[in-house]
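# Per-entry structural report
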Amino acid sequence: MSEATAILAALREALPVQTSPIPLHEPFFDEDEIAHVTDCVKSGWVSSVGRYVTAFEEALAGYCGVNHAMACVNGTAALHICLKLAGVRPADEVLCPSLTFVATANAISYTGAIPHFVDVDAARLTLCPQALRMHLKSIATTRDGGIFNRQTGARIAALVIMHTFGHPAAMDALLEVAAEFGLPVIEDAAESLGSYYQQRHTGTFGLLSALSFNGNKIITTGGGGAILTQNSALAARARHLTTTAKQPHPYDYIHDEVGYNYRLPNINAALGVAQLKKMPRFLEAKRALVARYQAALTTIPGVGLVTEPADSLSNYWLIALRVPPHLHREVLEATHAAGIHTRPIWRPMHLLPMYVACPRAPLQATEALHTSIINLPSGYKADLCVN
Ligand SMILES: *Cc1c(COP(=O)(O)O)cnc(C)c1O
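The structure contained in this document is the topic of the report that follows. Counting of residues starts from 1 at the beginning of each chain's written sequence and follows it residue by residue. Since the coordinates come from a predicted model, pLDDT governs what is reported: local features require at least 70, and pairs of side-chain atoms require 80 or more to be given and counted, while whole-chain, interface and lining totals use all residues. Calculated side-chain values reflect all of the structure's heavy atoms, with hydrogen atoms and water omitted.

Quick look at the environment of Pro-115 now. As for its position among the elements, Pro-115 is in strand 3 (residues 114-118). Spatially, the C-alpha atom of Pro-115 lies 7.9 Å from that of Tyr-355, the residues being 240 residues apart in sequence. Note on contacts: a residue pair is in contact if any heavy atoms of the two residues lie within 4.5 Å. Setting aside residues no more than four positions away along its own chain, Pro-115 makes contact with Val-94, Cys-96, Ala-105, Ile-108, Ser-109, Tyr-355, Cys-358 and Pro-359. Only DSSP runs of H or I covering at least 4 residues are called helices, and only runs of E covering at least 2 are called strands; the numbering of each starts at the N terminus.

What follows concerns the site of the ligand. Being near a molecule or strand, for a residue, means having at least one of its heavy atoms within 4 Å of it. Taken together, 15 residues are adjacent to the ligand, and Gly-75, Thr-76, Glu-191, Ser-212 and Lys-217 come closest. Backbone polar atom of Gly-75 to an oxygen atom of the ligand: 2.7 Å apart, as the coordinates give it. Within the side chain of Lys-217, one N or O atom sits 3.2 Å away from an oxygen atom of the ligand. Note on areas: Shrake-Rupley with a 1.4 Å probe; residue coverage comes only from the protein chains shown. Contact with the protein chains covers 92% of the free accessible surface of the ligand, which is 380 Å². Secondary structure elements with two or more residues in the shell around the ligand: helix 4 (75-85) and helix 5 (102-110). Amino acids are sorted into nonpolar (Ala, Val, Leu, Ile, Met, Phe, Trp, Tyr, Cys and Pro), charged (Asp, Glu, Lys and Arg) and polar (every other residue, Gly among them). When grouped by side-chain class, the residues that make up the shell around the ligand number 4 nonpolar, 8 polar and 3 charged. Each polar contact in these results corresponds to two N or O atoms within 3.5 Å; when the atoms are within protein, one needs to be able to donate a hydrogen and the other to accept it, and residues that are neighboring in sequence are counted only if both atoms are side-chain atoms.

In this analysis, rings of Phe, Tyr and Trp, with Trp reduced to its six-membered ring, are considered paired at centre separations within 6.5 Å, and the interplanar angle assigns stacked below 30 degrees, edge-to-face beyond 60, and tilted for intermediate values. In this structure the tally under the stated criterion is 7 aromatic pairs. Look at Phe-56 and Phe-213: their rings are 5.2 Å apart centre to centre, the planes differ by 65°, and that puts the pair in the edge-to-face class. In this pair, Phe-56 sits in helix 3 (residues 51-64) while Phe-213 sits in the loop between strand 10 (208-212) and strand 11 (225-229), placing the two residues 157 residues apart along the sequence. On the basis of relative accessibility, which here comes to 0%, the residue Phe-56 falls in the buried class. The interplanar angle of 5° and the centroid separation of 4.1 Å between the aromatic rings of Phe-282 and Tyr-380 together place this pair among those described as stacked. Taken together, the residues Phe-282 in helix 10 (residues 279-297) and Tyr-380 in the loop between strand 16 (373-376) and helix 13 (381-386) connect sequence positions 98 residues apart. Type-normalised accessible area, obtained with a 1.4 Å probe on protein chains alone, sets the label of each residue: buried when under 20%, exposed when over 50%, and partly exposed for intermediate values. In this structure Phe-282 comes out as buried when scored by relative accessible area, which is 0%. A network of ring pairs unites the aromatic residues Phe-28, Phe-282 and Tyr-380 as a single cluster.

Time to look at the nonpolar core. In plain words, nonpolar cores are sets of buried Ala, Val, Leu, Ile, Met, Phe, Trp, Tyr and Cys residues tied together by side-chain atoms within 4.5 Å. Phe-56, Leu-60, Phe-165, Leu-193 and Leu-211 are the most contacted members of the largest nonpolar core, which totals 44 residues. For this core, the secondary-structure elements that each account for two or more residues are helix 3, strand 1 (68-72), strand 11, helix 9 (266-276), helix 10 and helix 12 (364-370). Ranked by the residues each element gives to this core, the list is headed by helix 3, at 6 residues. Filtering out sequence-adjacent residues up to four positions away, Leu-60 remains in contact with Ala-69, Leu-193, Leu-211, Phe-213, Ala-226 and Leu-276.

What follows is about the sheet that holds strand 8 (residues 196-197). With antiparallel pairing, the 3 strands of this open sheet are ordered in space as 9-8-13. Every interior strand has two partners, whereas the edge strands, strand 9 (200-201) and strand 13 (312-313), have only one. DSSP bridges decide pairing: two strands pair if at least two such bridges lie between them. Of the strand pairs in this sheet, strand 8 and strand 9 are connected by 2 bridges, and their pairing is antiparallel. Pairing of Tyr-197 across the sheet is with Arg-200, part of strand 9.

Before going further, it helps to spend a moment on helix 11 (residues 328-337). Of all the residues in helix 11, the buried ones are His-328, Val-331, Leu-332 and Thr-335. When helix 11 is viewed along its axis, its buried side chains cluster within an angular range of 100° and face the same direction. Exposed side of helix 11, more than 90 degrees from the buried face: Arg-329, Glu-333 and Ala-337 are the residues found there. Contacts from the buried residues of helix 11 go to helix 1 (3-14), strand 15 (343-344), helix 12 and strand 16. A positive phi of about 80° marks Gly-339, the residue just after helix 11. By construction, the arc corresponds to the directions joining the helix axis to the C-beta atoms.

As a further point, take the pairing of strand 7 (residues 185-188). Covered by surrounding structure in strand 7 are Val-185 and Glu-187 together with Ile-186 and Asp-188, the residues of both alternating faces. As paired strands, strand 6 (residues 155-162) and strand 7 are joined by 4 bridges and run parallel to one another. From the neighbouring strand, Val-160 faces strand 7, where its bridge partner is Ile-186. Handedness of a crossover: with both strands directed away from the viewer, a clockwise path from the first strand across the helix to the second marks it as right-handed. Crossover handedness for the path strand 6 to helix 7 (residues 171-180) to strand 7: right-handed. Where strand 7 and strand 10 come together, 3 bridges link them in parallel fashion. Note on strand 10: the bridge partner recorded for Glu-187 is Ser-209.

A few words now on the packing of helix 1 against helix 10. Note on geometry: axes are lines fitted to C-alpha atoms, helical ones only across the stretch in contact, with angles between N-to-C directions running from 0 to 180 degrees. Axis separation between helix 1 and helix 10 bottoms out at 8 Å; the angle between their running directions is 145°. At the point where helix 1 passes helix 10, the crossing takes the right-handed sense. Two secondary-structure elements touch here, helix 1 through Ala-10, Leu-11, Glu-13 and Ala-14 and helix 10 through Leu-289, Arg-292, Tyr-293, Ala-296 and Leu-297. If you view the pair so one helix is near and one far, a crossing is left-handed when the near helix is turned anticlockwise from the far one by less than a right angle, and right-handed when it is turned clockwise.

Relative to the helices and strands, Thr-111 resides in the loop between helix 5 and strand 3. Under the relative-accessibility criterion, Thr-111 is labelled buried at 8%. A distance of 2.6 Å separates a polar side-chain atom of Thr-111 from the backbone oxygen of Ile-108. Polar side-chain contacts of Thr-111 include one of 3.2 Å to the backbone nitrogen of Ala-113. With sequence-adjacent residues up to four places away left out, Thr-111 is seen in contact with His-80, Leu-83, Lys-84, Val-88, Arg-89 and Pro-90.

Our next topic: the sheet that holds strand 14 (residues 319-322). Read from one edge of the open sheet, 4 strands run 12-14-16-15, paired in antiparallel fashion. Edge positions in the sheet fall to strand 12 (304-305) and strand 15, since each has one partner strand and no second. Sheet topology note: the strand 12/strand 14 ladder contains 2 bridges and is antiparallel. Looking at the pairing, Gly-304 lines up with Arg-322 of strand 14. Strands strand 12, strand 14 and strand 16 of the sheet are contacted by helix 10, whose axis makes an angle of about 15° with strand 14.

Following this line, the structure appears as structure tokens:
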């Protein structure tokens, strides 16, 4: 049996028996979602005002242990507003991982700023604090109360930390580097609802954070996202900017700056209220699947899952397998041929045409991971339907 065939057999053993193909991820709904959406439609309040938006925001803030949550149309829009409110301006640079979903870099671009890529830690898959510090020491200079890139002359305005596949980044060390250089921190927590770093929910460390509830995330509102912050002034600004900057008034329509139509519709929030209640079940089902993959893969040398860091509790949103680079394509091919929808990790941002010319630190770990990580089917639907 070839190595790729052995891996395929192990995955088959771990996956629940269900009709082919087995998707990478899929949402799970029951009568509760149907009841909430039906109630929302019957109320007539399906758009950007309604009780489900408020209920969803309150439930989210409570779940994450944060003062304020503002629901948005999607995670990318949430991240865009986070960056604006952190003071990112056109022509600034914003530090972020190259190993991320494209939305991280796109949101930076929407502000007119330029992504500046930093390497990740090979074990955690998230920003490497040592690499970040070393890079800033070699390229950054402090003047006029800000930090600047000596090579480009641009101001470095912020640091975006992303929790890859739900595995929390090394927050203590990263926050220390950010403080050392006076950088505001934004967390792209789009993938990490239900993940904790040292018992504190991801997305509660940064000045502002973004969540996503896209159809493939751990919970979904169809499309959706949220901004989290502990700061009431920033929360008020986020609410204002995401609702076309309309001044509150019983009938007048007065807008006092260029705002955005980024608020989550009530009908999507209705789904969110039902989904958030299922988080404990979803987290449990993910762990059960991880355990089955681990048990099935133990006999194959050089191959193993990416596991949660010792200081963290991960939601295991997308389960990731490490394979030797020479097997990477072969495993992708074999699994797809067998109806198992695996996926390589994203092509790193610095290799995409619109971001090739962006400033960057050395990215060895990112490039090595690009040819070794494979995401495995991580859905919980089959398991929850059986129960
Ligand atoms: C999903 C995701 C987003 C935002 O996605 P939306 O589809 O806009 O909700 C942002 N960053 C990362 C890392 C993501 O995985």
